[in-house]
Amino acid sequence: MKKYISILFLCISFSIWAQKNATEKDIFIAMDKTASILSEKSKGNSISIGVVKKGKTYTRHYGEIDKGKENIANNNTVFEVASITKLFTGLLTAQAVLEGKLNLDEDIRKYITGSYPNLEYNGTPITIKDLVSFRSGFNKDLPDNSELRKNRNDSSYLAFKKMDESYSREKFFEDLKTIKLDTLPGTKFMYSNGSLNLTAHILENVYQKSYETLLKENIFSKLDMKSSGINLNSNIIANGYNQKGVLMPNISDNLWGVAGMLKSTLGDLTKFIAYELNTKNKIVQESQRNLLNSPTIWNGYFWDYIQVDENGKNCWKHGGAFGTQNMLVIYPERQLGISIIVNISDENTANALGEAIIRLSNELLKENKKQTGIYGYKIVNDNVVFVYEHDKNLDPTLVKSVSIAGSFDKWNPNDSNFQMIQKNKNTFELSIPKSQLGKDKTHLFKFVINKTGWMEAPKNAINRETDGHENLILKI
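To start, this report covers the structure provided alongside it. (Residues numbered from 1 in each chain as written. Predicted model: local features only at pLDDT ≥ 70, side-chain atom pairs only at ≥ 80, totals over all residues. Heavy atoms only, no water.)

Spatially, β2-β1-β10-β9-β8-β7 is the arrangement adopted by the 6 strands of the open sheet, whose pairing is antiparallel. A single partner strand is all that each edge strand has here, and the edge strands are β2 (56-63) and β7 (305-309). Pairs of neighbouring strands in the sheet enclose a mean axial angle of 15 degrees, with direction left out of account. (Pairing = 2+ DSSP bridges. Helix = DSSP H or I, 4+ residues; strand = E, 2+ residues; numbered from the N terminus. Axes fitted to C-alpha atoms, helices over the stretch in contact; angles between N-to-C directions.)

This part covers the environment of Phe 160. For Phe 160, the location among the structural elements is in helix α5 (residues 156-166). For the pair formed by Phe 160 and Ser 252, sequence separation is 92 residues and the distance between their alpha carbons is 8.9 Å. Beyond its immediate sequence surroundings of up to four residues, Phe 160 is in contact with Asn 145, Leu 148, Arg 149, Arg 152 and Phe 322. (Contact = heavy atoms within 4.5 Å.)

All right, on to the packing of helix α2 (residues 85-98) against helix α8 (residues 211-223) then. Direction vectors running N to C along α2 and α8 enclose 90 degrees, while the axes themselves pass 11 Å from each other. When the axes of α2 and α8 are compared, the pair comes out roughly perpendicular. Listed contacts from α8 to Thr 85, Phe 88, Thr 89, Leu 91, Leu 92 and Gln 95 of α2 are Tyr 211, Leu 214, Leu 215, Asn 218, Ile 219, Phe 220 and Lys 222. Taken together, the residues that form the contact of α2 with α8 break down as 8 nonpolar, 4 polar and 1 charged. (Parallel < 35°, antiparallel > 145°, perpendicular 65-115°, else oblique. Nonpolar A, V, L, I, M, F, W, Y, C, P; charged D, E, K, R; others polar.)

The next subject is the environment of Ala 405. Of note, Ala 405 is situated in strand β13 (residues 402-406). A relative accessible area of 0% means that Ala 405 is categorised as buried. In sequence terms Ala 405 and Lys 446 are 41 residues apart; their C-alpha atoms lie 5.5 Å from each other. (Buried < 20%, exposed > 50% of the residue type's maximum accessible area, 1.4 Å probe, protein only.)

Next up, the structure:
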């Protein structure tokens, strides 16, 4: 009897081991496929992909840093991560709020050295939450590089670099006095490095420590990010190139380095991703919060955007240096995070990275889309009843609305005729007369959460397009 029990135990153990390794194998296959497509689209020499899924980390490196030198990147290769720096600033600011050193609803001038009567609009001041949400109302960035952006060419990077090298903190505060608010704070999005630099000054004032010291004490040391920093030796930073294969210089910054001077490794970035996926960490949750109660997307603390779709909340950030670009996304409710780094930077790189992130995310999240048969609607008498049920494992309070966008309403998620009605905390329905959609017609459609979270159709749905944008198919 003991012999049979031992054999059974070995069989079960082997089955669990095989299943585990098959899952990890699938993850690496998905990473390899993503890298192959991205390599073709981006033309980058080197691609590094890091995945954190359900507490486990997976990394892969492809190509070579310098063409022909066979110097493949590894988890300790240092890259410029540019605007990913802003997320670290966001965490420091969120921590300051939770510690009571900053008040989200307070006038920012309370924390700034000097007098700035210009930093208000018709008597309404900029608050901390306006600042970190990229909604300060500033009429220009600091430094103001708008003219350089209007006429960009292959050598524009030299002008950008020269401006950043010569722009001092003294000049920053002089220019801050010339800022005019062109709208009510908190209303209009404007991506602004000036907002970040002002935040660094505020953090230094409330903590009486340098921005770099705050990073080291509160993030790098806690997460064991030993290879990350603002002022690292340029000799250890991986080379980056433009689309013509020209070696690009590193970013310069004579201010705080708060907007884009961070250098890091894939090994360190996966530690950072794991930290951002900790849904029980109060600082992390604060940094991802919908501060302005937006019904669509929001920015939390310096994220590019945070939206909700069928996989719950997902947070996005892009970083672009002169010769390197990085895209980072996290799905906290699914416990998935991804970072992809390429050592090329041109006007098409960001789109190629975005497509790669979406492709890999969909592949790694497909286990959550198991619906079969006709999905998304049913025919009841003379009506088409659209039905969407939000995953019960996700937070339903993040879903402000669900709409139907398709060929019948010009793919408009704001169409008032196709806003679904909430039946309970997870289920939304909308009944439309068949006659309204036309007889003997085939339509394409998708569900959209909060007007921005376009949902992918389940892979096993019978009524799913197998090509194109993989929409749902509705036949009347």
